[in-house]
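Per-entry structural report
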Amino acid sequence: HKNIEWIRMDLEERQLISLSVQFTWAIAFEVIEHLKSPTDFLTGINADRLLCSVPNEAVMPFDVKRHSYHHRHYTKREFGDLLEDSGWTVEVWYTQRGKLSPVMRGDDGMTLIAECRR
């Protein structure tokens, strides 16, 4: 779509902070668990709204052998605290119960999805 702008960058290098473009939405699915220190990324997002996801530690516990590219998984409380500490307010929690299952309201699936606002 002509109103979508795609940007590719290394999120560990804090490049988002230097972007002067203001976005309406930012989407970070299966990103945050790959970052050693996600706070810089989350605070650097220059958008009004954020839709993001992480693996749910309560349902899919972190195992470095199984998830070698992840730094960690999050409980709902840990993820909510991370988002709040980074300047985001979670408005709605969604979940996915399996890899191919639909996204639905809730927080009891293998993936936690947060719809946030600044």
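Here is a short report on the structure shown in this document. (Residues numbered from 1 in each chain as written. Predicted model: local features only at pLDDT ≥ 70, side-chain atom pairs only at ≥ 80, totals over all residues. Heavy atoms only, no water.)

Some points on the sheet that holds strand β1 (residues 23–28)
- Strand order in the open sheet formed by five strands is β1-β2-β5-β3-β4, and the pairing between neighbours is mixed. Unpaired on one side and paired on the other, β1 and β4 (104–105) mark the two borders of the sheet. (Pairing = 2+ DSSP bridges. Helix = DSSP H or I, 4+ residues; strand = E, 2+ residues; numbered from the N terminus.)

Examining the pairing of strand β2 (residues 47–55)
- Burial analysis of β2 places seven of its nine residues in the buried class, the great majority of the element.
- Looking at chain direction, β1 and β2 are connected through five bridges and run parallel. Residue pairing across strands places A26 opposite L50, the latter belonging to β2.
- Where the polypeptide runs from β1 across helix α1 (residues 38–44) and back to β2, its parallel neighbour, the crossover connection is right-handed.
- As defined by bridge partners, β2 adjoins strand β5 (residues 111–117) across seven bridges and the pair is classed as antiparallel. Residue pairing for β5: R49 is matched across the bridge by R117. (Buried < 20%, exposed > 50% of the residue type's maximum accessible area, 1.4 Å probe, protein only. Right-handed = clockwise from strand over helix to strand, strands pointing away.)

What about the state of the cysteines?
- Taken as a whole and assessed by the stated rule, the structure comprises zero disulfides.
- Unpaired in terms of disulfides, C52 finds its nearest cysteine sulfur in C116, a separation of 4.5 Å.
- A relative accessible area of 0% means that C116 is categorised as buried. (Disulfide = S-S within 2.5 Å.)

Here's the deal with the nonpolar core
- Core analysis: the largest hydrophobic core is formed by 20 residues, its most contacted members being I32, L42, I45, L50, C52, F79 and L83.
- Mapped by element, the contributors of at least two residues to this core are β1, α1, β2, α2 (76–85) and β5.
- Top contributing element to this core by residue count: β2, with four residues.
- Once residues within four sequence positions are removed from consideration, L50 is found in contact with W25, A26, L42, I45, L83, W88, A114, E115 and C116. (Core = buried A, V, L, I, M, F, W, Y, C linked by side-chain atoms within 4.5 Å. Contact = heavy atoms within 4.5 Å.)

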